[in-house]
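Close look at the chain arrangement
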Amino acid sequence: MLGIWIVVFLFFGTSRGKEVCYERLGCFKDGLPWTWTFSTELVGLPWSPEKINTRFLLYTIHNPNAYQEISAVNSSTIQASYFGTDKITRINIAGWKTDGKWQRDMCNVLLQLEDINCINLDWINGSREYIHAVNNLRVVGAEVAYFIDVLVKNFGYSPSKVHLIGHSLGAHLAGEAGSRIPGLGRITGLDPAGPFFHNTPKEVRLDSSDANFVDVIHTNAARILFELGVGTIDACGHLDFYPNGGKHMPGCEDLITPLLKFNFNTYKKEMASFFDCNHARSHQFYAESILNPDAFIAYPCRSYTSFKAGDCFFCPEQGCPTMGHFADRFHLKNMKTHGLYYFLNTGSLSPFARWRHRLSVKLRGSKVTQGTVFLRVGGTIGKTGEFAIASGKLEPGMIYTKLIDADVNVGNITSVQFIWKKHLFEDSQNKLGAEMVINTSGKYGYKEMMTDTLQRVSRFSLAPRCQPNLQKDPWMYINKSVLWRKAEKQVGYSPILQVRDGRLLGRRRNTGSGTFGMILRCVLLSLVGCTYLHLGQSRSRVAMSKLSRRD
């Protein structure tokens, strides 16, 4: 690789050296460091600002559906518009060959949350061909810098109030603008483009020096020839987020299956869709984060492999950031973040946000059995679905642990439901219960250790049979002091108990539907083998609640 670059430098670096200057924007060369991108050698110097025709389209709460075109060249258009000099300005910058839809969607969501100046940058004339766009983004970046400079000089506007949000090539364009404006507030790079930018000098690509705060979301960070990626592999911000590992996103189709069908016209469409899907996830994640300030909690880690293994689940002392719109909320309190990698998982469809939990259960029973153990977590905000914690051979006294990504933010944990489903043909007299359940979860991007969620739960065991019998065993919860509660009531076909905050809330009798109902329940339970206690169910569920939380 080094030899290739040396040849490039000797061949091109000595033969080039042209320059073009534009009155408002300055001069642009085709030599180093831009020679490193190859595109300079292929197409020459960037186009003129007149040919590119960069446009600034303003949306505010006063005109959320119809833009006002404003221009730094004619600053009276700014003064006559709804542009507020006392408001934050967020500029959405598209990349190569875009129709601007994601930018319009972004402004729509932003204006639901904030009273801001939302500007969509239109430079479609200069970005229709990728290689031309790589060169032309320098001129467009200079146009953005000129626009901000006019705001500063003519309106007394602070550059610290400007936030550039750039997707693909637009991320590097934002970096070019930021390098020209000292004190720029923030740049968000949404999967910065990779081709012609891998391993290039920081003067060429987005870099953490381009703004006071630079956060980056990588969703297709892989080399195009080897791993089918169009995003940069380089970390380039104060905070670099890698959802799902940052290379390929769940929900985006693979390219192997259509290739095996030998329909190359279809394959070409599938390939375009594949790249669009992975690459576009970055701005989709950001847009979703705007109205969900507690979503997309990310964890610092050395690699995605370590993250998946659970090695980096606990947040450091300063907490964890949230990927997306509110990432700066973390950065403002923790300035020493440069060079860290942050990982998280998302869903395959919108809504994409997931909340990570580590669930552990210590089993209690009479003997080894075959089956599946599930847990369901409830809290002050919501309740998760059932998560399989262990399956197959289940041994009493063993602790089973699993990391889960819940699609619901449950808030502070208030209850955990233990569910056991025995395998078919397993002895129906086998007993299994939960002696201890521990939940550890992140919240609001900060460390929340819930080791006291359920220190000791349900000293009794339940048998999968039609008429479960609750023995006189205590419910024991451990807070800072020991609190005992006893459940001594023997109930009908389905024992239904619910305990919350250390109090037995009630018991109900599910009488079924006569003799036929009881026989049918016996048959079904003997086949399915479900044991759990829950209000309103004919199977038995144990509803368990924490008493305290330890931060």
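Everything here concerns the structure above.
Small disclaimer: the values here were computed from a predicted structure and weren't measured.

1. With respect to unusual backbone geometry
Across the junction of Ser350 and Pro351, the peptide omega takes the value 0°, indicating a cis bond. Tracing the backbone through its elements, the reader meets Pro351 in the loop between β12 (340-344) and β13 (355-365). One non-glycine residue, Lys97, adopts positive backbone phi at about 50°. Within the fold, Lys97 resides in the loop between β5 (89-93) and α5 (101-113). Its relative accessible area of 57% is what places Lys97 among the exposed residues. We note that Asp191 has phi near 45°; this positive angle belongs to a residue other than glycine. With respect to the helices, strands and loops of the structure, Asp191 is situated in the loop between β8 (186-190) and β9 (213-217). Its relative accessible area of 0% is what places Asp191 among the buried residues.

2. A look at the nonpolar core
One finds Leu121, Trp123, Phe147 and Leu164 to be the most contacted residues of the largest nonpolar core, which totals 49 residues. Of all the secondary structure elements, the ones that give two or more residues to this core are β1 (19-22), β3 (55-59), β5, β6 (117-122), α6 (130-155), β7 (162-167), α7 (169-180) and β9. The element that contributes the greatest number of residues to this core is α6, accounting for 13 residues. Leaving out residues up to four positions away in the same chain, Leu121 has contacts with Thr54, Arg55, Phe56, Ile91, Asn92, Ile93, Gln103, Val140, Val144 and Leu173. Counting residues in hydrophobic clusters, the runner-up holds 45 residues, among them Met106, Tyr242, Cys252 and Cys277.

3. Regarding the sheet that holds β13
Spatially, β16-β13-β18 is the arrangement adopted by the three strands of the open sheet, whose pairing is antiparallel. A single partner strand is all that each edge strand has here, and the edge strands are β16 (399-406) and β18 (432-441). Taking the axes of each pair of neighbouring strands and ignoring which way they run, one obtains an average angle of 25° across the sheet. With eight bridges connecting them, β13 and β16 associate as antiparallel partners. Each bridged residue has a counterpart across the sheet, and for Arg358 the counterpart in β16 is Leu403.

4. As for the pattern of salt bridges
Inspection of the entire model under this criterion finds 17 salt bridges. Salt-bridge contacts for Asp149 lead to Lys153; the nearest nitrogen and oxygen are separated by 3.1 Å. Highlighted residues: Asp149 and Lys153, both in helix α6, separated by four residues, approximately one helical turn. Judged by relative accessible area, which is 63%, Lys153 ranks as exposed. In this structure, Arg186 and Asp215 form a salt bridge, with 2.9 Å as the shortest nitrogen-oxygen distance. In this pair, Arg186 is assigned in strand β8 and Asp215 in strand β9, connecting sequence segments 29 residues apart. A relative accessible area of 5% means that Arg186 is categorised as buried. Since its relative accessible area comes to 0%, Asp215 is described here as buried. Where salt bridges share partners, they join Arg55, Glu69 and Asp122 into one cluster.

Calculation criteria
Residues numbered from 1 in each chain as written. Predicted model: local features only at pLDDT ≥ 70, side-chain atom pairs only at ≥ 80, totals over all residues. Heavy atoms only, no water. Helix = DSSP H or I, 4+ residues; strand = E, 2+ residues; numbered from the N terminus. Buried < 20%, exposed > 50% of the residue type's maximum accessible area, 1.4 Å probe, protein only. Core = buried A, V, L, I, M, F, W, Y, C linked by side-chain atoms within 4.5 Å. Contact = heavy atoms within 4.5 Å. Pairing = 2+ DSSP bridges. Axes fitted to C-alpha atoms, helices over the stretch in contact; angles between N-to-C directions. Salt bridge = Lys/Arg side-chain N within 4 Å of Asp/Glu carboxyl O.

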